[in-house]
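Given next are the chains, with one letter for each unit.
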Amino acid sequence: MSPDELNKLMSDCAKDAIVTASDEFNIVLDKTPESIALVDDVLLSFVDKYHDLALEDEAVFTICNIFGAYIGEILKAQLDGEWIYDQSNPQAPTVFLKVGDNTYAFAGICYERLVNDSQVSVFAYYEKALANHKFTH
C-alpha cells in the first residue's frame, strides 16, 4: 500500500467515524481536538446499544479502525505525523501514526477501551501523545 493510498484510507475511515457517531448516537465529531473526548463516549455507547454484537471480531475491527483513524487524523494534522502500515505480522497488519521517533496505535487504544477496560481513555492517550511532542514544535 502506497503512502498516498494509506493516507486516503485513513482519511476515509475518519469520515466514516464522523458519520457513524452522528447516525448511531447523535454525537457530533467536528475534527477538533476537544471532540476526541467524545470518542470515549462513543466507544462505550456501542456496547450499551449493541451489547455482545459490538464485541464481535468484525465489528470491533471496524469500530476501532475508524475511530482510531479519526483520532490519528487530528494528531497527524497537529504534529505533522505520517501513517505507517506495518505488515510484520501478516495475520494482523496494523496502522500506526508516526510522529518523530514515536508511533501511536490509536486503533489499539480504542480496542483496549471497547473490549478490555472501559477505564482506558483514548482522550488521555491522545493528550499524552500530544504532550510528547509539545516542546519539539
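For the chain, the name recorded in an unreviewed UniProt entry is DUF3806 domain-containing protein, with Alteromonas gracilis as its organism.

*Asks:* What is the right way to look at the state of the cysteines in this model?
*Replies:* Working definition: the covalent bond between the sulfur atoms of two cysteines is a disulfide. One pass over the structure, following the stated rule, counts 0 disulfides. Counting only cysteine sulfurs, Cys 110 is the nearest neighbor of Cys 13, a cysteine outside any disulfide, at a range of 12 Å. Cysteine Cys 110 is unpaired, with the sulfur of Cys 64 as its nearest cysteine sulfur at 5.7 Å. According to the relative accessible area criterion, Cys 110 is buried, its value standing at 0%.

*Asks:* Sorry if this is basic, but what is going on with unusual backbone geometry here?
*Replies:* Keep in mind that most residues, glycine aside, have a negative phi and that most peptide bonds are trans. A positive phi is found at His 51, a non-glycine position, where the angle reads about 50 degrees. Take His 51: it is sitting in the loop between α2 (36–50) and α3 (57–79). Positive phi is not limited to glycine here, since Asp 80 has a value of about 55 degrees. Within the fold, Asp 80 resides in the loop between α3 and β1 (82–86).

*Asks:* I tried to follow helix α4 (residues 106–116) on my own but got confused; where do I start?
*Replies:* Since there are 3.6 residues in each turn of an α-helix, residues three or four apart along the chain are aligned in direction. For α4, the complete set of buried residues consists of Phe 106, Ala 107, Ile 109, Cys 110, Arg 113 and Leu 114. All buried residues of α4 lie within an arc of 165 degrees about the axis, which places them on one face of the element. The inward-facing, buried residues of α4 abut α2, α3, β2 (94–99), β3 (102–104) and α5 (122–133).

Rules behind the numbers
Residues numbered from 1 in each chain as written. Predicted model: local features only at pLDDT ≥ 70, side-chain atom pairs only at ≥ 80, totals over all residues. Heavy atoms only, no water. Disulfide = S-S within 2.5 Å. Buried < 20%, exposed > 50% of the residue type's maximum accessible area, 1.4 Å probe, protein only. Helix = DSSP H or I, 4+ residues; strand = E, 2+ residues; numbered from the N terminus. Arc of directions from axis to C-beta. Contact = heavy atoms within 4.5 Å.

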